[in-house]
Amino acid sequence: EVFFAEADRAGRLGPWRQAGTLPRGCAGPRAVALRGVLHVAGCADSDGYVPAIFSAPILSGGTLGAWQTTPLPRGFGGLGFAAARGRLYLVGGSDSSGTIQAEIFSTGIDGRGMPTEVRREPDFPIRVEGLALASHLDRLWALGGVTGSRAADFVDTVRSADLLDSGKPGPWGIVDVSLLPGRKQFGASVWKDRLFALGGSTPQGTTDEIVVIRLKP
């Protein structure tokens, strides 16, 4: 099921209502909205990770229209998923065999807001899953994640890459802030010049901590 709530001018949310249902059962999804369309990736079901992006138009009342499926080269879970410069970006994650990836894929958007071709981008600097991905001012920000199953494999770094005119990410650089401790499976969102990292799992267990990072122009 998919739910939505309307926000008033003060940012307070009203009651949650059902917007629709996903095209199939889905655990661990990532979702972004772009140009009036909701996009979902990283779904897992009993057969493993689903190799697809699901996209549905957001109707005037907040409910969802019919879903469209865009195939991906393989299924991924725990990936970073964000929208920037009219494209969708998928970073890292692990495949159904449990192998952690460094691959990056992106897709353009057509006039209806639906994904077009999926293309491979230059790899992320490390293999990582459970990361968060956000965008701000034509730049992608990748936070945290894990590179393996040990406590020492939690990533506390934040990396960013400028988006080129072609839509490809430029070189990834480590910024001079860290999450401390590293974390995975957490939320990230940008408001004005602030990047928020919310909750997640750390080597010590789950956390309710919110980290706020000021973004430089």
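Conventions adopted
- Residues numbered from 1 in each chain as written.
- Predicted model: local features only at pLDDT ≥ 70, side-chain atom pairs only at ≥ 80, totals over all residues.
- Heavy atoms only, no water.
- Helix = DSSP H or I, 4+ residues; strand = E, 2+ residues; numbered from the N terminus.
- Rg over C-alpha atoms; globule rule 2.2 N^0.38 Å.
- Buried < 20%, exposed > 50% of the residue type's maximum accessible area, 1.4 Å probe, protein only.
- Contact = heavy atoms within 4.5 Å.
- Areas by Shrake-Rupley, 256 points an atom, 1.4 Å probe, with all protein chains shown as cover.
- Lys, Arg positive; Asp, Glu negative; His and termini not counted.
- Charge placed at Lys NZ, Arg CZ, Asp CG, Glu CD.
- Pairing = 2+ DSSP bridges.
- Axes fitted to C-alpha atoms, helices over the stretch in contact; angles between N-to-C directions.
- Core = buried A, V, L, I, M, F, W, Y, C linked by side-chain atoms within 4.5 Å.

(A) Structural context of the overall build of the protein. Each helix and strand in the protein was counted, giving zero helices and 21 strands. Taking 217 residues into account, the globule formula puts the C-alpha radius of gyration at 17 Å, and the protein, at 17 Å, falls close to it. On the principal axes, the C-alpha backbone points of the protein span a range of 45 × 40 × 40 Å. Split into buried and exposed, the 217 residues of the protein put 48% on the buried side. For the protein, restricting intrachain contacts to residue pairs at least 6 apart in sequence, the fraction spanning at least 24 positions comes to 42%. When the accessible surface of the protein is summed, it comes to about 10,700 Å², and 52% of that surface belongs to carbon and sulfur atoms. Looking at charge distribution, the protein has the averaged site of its 23 positive side-chain charges lying 4 Å from that of its 21 negative ones.

(B) Representation of the sheet that holds strand β4 (residues 37-41). The strand order across the open sheet built from four strands is β3-β4-β7-β8, with neighbouring strands paired in antiparallel fashion. Each of the sheet's edge strands pairs with one partner strand only, and the pair in question is β3 (30-34) and β8 (68-71). Each neighbouring strand pair of the sheet contributes to a mean axis angle of 25°, computed without reference to strand direction. In the sheet, strand β7 (residues 52-57) pairs with β8 via four bridges, with the strands oriented antiparallel. What sits directly across from Phe54, in β8, is Thr69.

(C) Just unusual backbone geometry, in detail. The peptide bond linking Leu180 to Pro181 adopts the cis configuration, its omega dihedral lying at 5°. Residue Arg85 is not a glycine yet carries a positive backbone phi of 50°. In this structure, Arg85 sits in the loop between β9 (80-84) and β10 (87-91). Among the residues examined, Arg85 registers a relative accessible area of 38% and is labelled partly exposed.

(D) Local environment of the sheet that holds strand β12 (residues 115-121). Ordered in space as β9-β10-β11-β12, the four strands form an open sheet in which the pairing is antiparallel. With partners counted over all chains shown, the strands left at the sheet margins are β9 and β12, one partner each. On average, each strand axis in the sheet is tilted by 20° relative to the strand beside it, whichever way the strands run. Here five bridges tie β9 to β10, and the two strands are oriented antiparallel to one another. Bridge pairing links Ala84 to Arg87 in β10.

(E) Examining the nonpolar core more closely. Core analysis: the biggest nonpolar cluster contains 15 residues, and Tyr89, Val91, Phe124, Leu133, Leu140, Ala142 and Trp172 have the highest contact counts within it. Put simply, the parts of the chain that give this core at least two residues each are β9, β10 and β14 (139-143). Among residues more than four places away in sequence, those in contact with Leu140 are Ala84, Tyr89, Leu133, Ala134, Ser135, Arg159, Ser160, Ala161, Leu163, Pro169 and Trp172.

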